[in-house]
Amino acid sequence: MQKQIIVLIGGPGTGKSTLINELVARGYCCYPEISRQVTLEAQQRGIDQLFLEQPLLFSEMLLQGRIKQYKDALEEPDNVVFIDRGIPDVVAYMDYIGDEYPAHFTKACEDIKYSKIFILPPWEEIYESDTERYENFEQAVTIQNHLVETYKKYGYDLIEVPKDTVDNRILYILDKI
């Protein structure tokens, strides 16, 4: 079986981390979303919302972290590796806020390709804000639209995961791979 690096995407609060945690519990190799880690580290340095205060620095940190995740995934002994968010997410979020970014952001999107992209749709019933997720639901929907546009721009066919129980969502994903 050929190595598959599979990314789960979706706007904030769509259930990506919950699915990644369940895949880990089932023994799959998974890499977590790194933006929470970057945000928490910045908060420990006294920067409340690094993405809002220094979006380019935040996005550069995410880009480098996601490139590392991809490279690490290639070295995994597992044939299937799941990642919570991919490199094009960085570009989609920068486009969402309307900021410019260096050409190496788009080059990374062009050069690094994932096997499959599963997208989780906005789901108001499960949406929650917290200290790292500052967007309201309407903003989450707008971000979702940017994600769809960005991933399609880089040639990906998006597989939408239906709104359902965690177990059924996992079974849907596993059936598609």
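So, how was this worked out
Residues numbered from 1 in each chain as written. Predicted model: local features only at pLDDT ≥ 70, side-chain atom pairs only at ≥ 80, totals over all residues. Heavy atoms only, no water. Phe/Tyr/Trp six-rings, centres within 6.5 Å; stacked < 30°, edge-to-face > 60°. Buried < 20%, exposed > 50% of the residue type's maximum accessible area, 1.4 Å probe, protein only. Helix = DSSP H or I, 4+ residues; strand = E, 2+ residues; numbered from the N terminus. Salt bridge = Lys/Arg side-chain N within 4 Å of Asp/Glu carboxyl O. Pairing = 2+ DSSP bridges. Disulfide = S-S within 2.5 Å. Core = buried A, V, L, I, M, F, W, Y, C linked by side-chain atoms within 4.5 Å. Contact = heavy atoms within 4.5 Å.

1. Description of the packing of aromatic side chains
- Counted by the stated rule, this structure contains five aromatic pairs.
- Between Tyr-101 and Phe-105, the ring centres sit 5.6 Å apart and the planes meet at 25°, which makes this aromatic pair stacked.
- Using a relative accessible area of 21% as the deciding quantity, one classes Tyr-101 as partly exposed.
- Taking relative accessible area as the criterion, Phe-105 reaches 0% and is therefore assigned buried.
- Between Tyr-114 and Tyr-156 the ring centres are 6.4 Å apart and the planes differ by 35°, which places this aromatic pair in the tilted class. Placement of the pair is Tyr-114 in the loop between α6 (103–111) and β4 (116–119) and Tyr-156 in the loop between α7 (137–153) and β5 (158–160), with a sequence separation of 42 residues.
- For Tyr-156, a relative accessible area of 9% puts it in the buried group.
- Put simply, the rings of Tyr-70, Tyr-114, Tyr-151 and Tyr-156 pair up and form one aromatic cluster.

2. Considering the pattern of salt bridges
- All chains considered together, the criterion is met by seven salt bridges.
- Arg-26 is paired through a salt bridge with Glu-22; the nearest N and O atoms lie 2.9 Å apart.
- Accessibility expressed as a relative area gives 27% for Glu-22, which makes it partly exposed.
- Ionic pairing is found between Lys-68 and Asp-72, a salt bridge with its closest N-O pair at 2.7 Å. Of the two residues, Lys-68 and Asp-72 both sit in helix α4 (residues 55–75), four residues apart, roughly one turn of that helix.
- Residue class for Asp-72 comes out partly exposed when judged on its relative accessible area of 30%.
- Among the ionic contacts, a cluster of salt bridges with common partners joins Glu-33, Arg-66, Arg-85 and Asp-89.

3. Looking at unusual backbone geometry
- One non-glycine residue, Arg-85, adopts positive backbone phi at about 80°.
- Within the secondary structure, Arg-85 is located in the loop between β3 (80–84) and α5 (87–97).
- The buried category is assigned to Arg-85, whose relative accessible area is 5%.

4. Overview of the pairing of β4
- Both strand β1 (residues 4–9) and β4 contribute to a ladder of four bridges, which runs parallel. Its bridge partner being in β4, Ile-9 is matched across the sheet by Ile-119.
- One ladder, built from three bridges, connects β4 with β5; its direction is parallel. By the bridge assignment for β5, Ile-117 is matched with Leu-158.

5. Considering the state of the cysteines
- According to the stated counting rule, one finds zero disulfides in the structure shown.
- Cys-29 forms no disulfide, and the closest cysteine sulfur to it belongs to Cys-30, at a distance of 6.6 Å.
- Take Cys-29: its relative accessible area is 12%, and that puts it in the buried class.

6. Some remarks on the nonpolar core
- If you look at the biggest cluster of nonpolar residues, it comprises 37 residues, and the most contacted ones within it are Val-7, Leu-63, Ile-83, Ile-87, Tyr-114, Ile-117 and Tyr-151.
- In contact with Val-7, other than residues within four places in its own chain, are Ile-83, Arg-85, Gly-86, Tyr-114, Lys-116, Ile-117, Phe-118 and Tyr-151.

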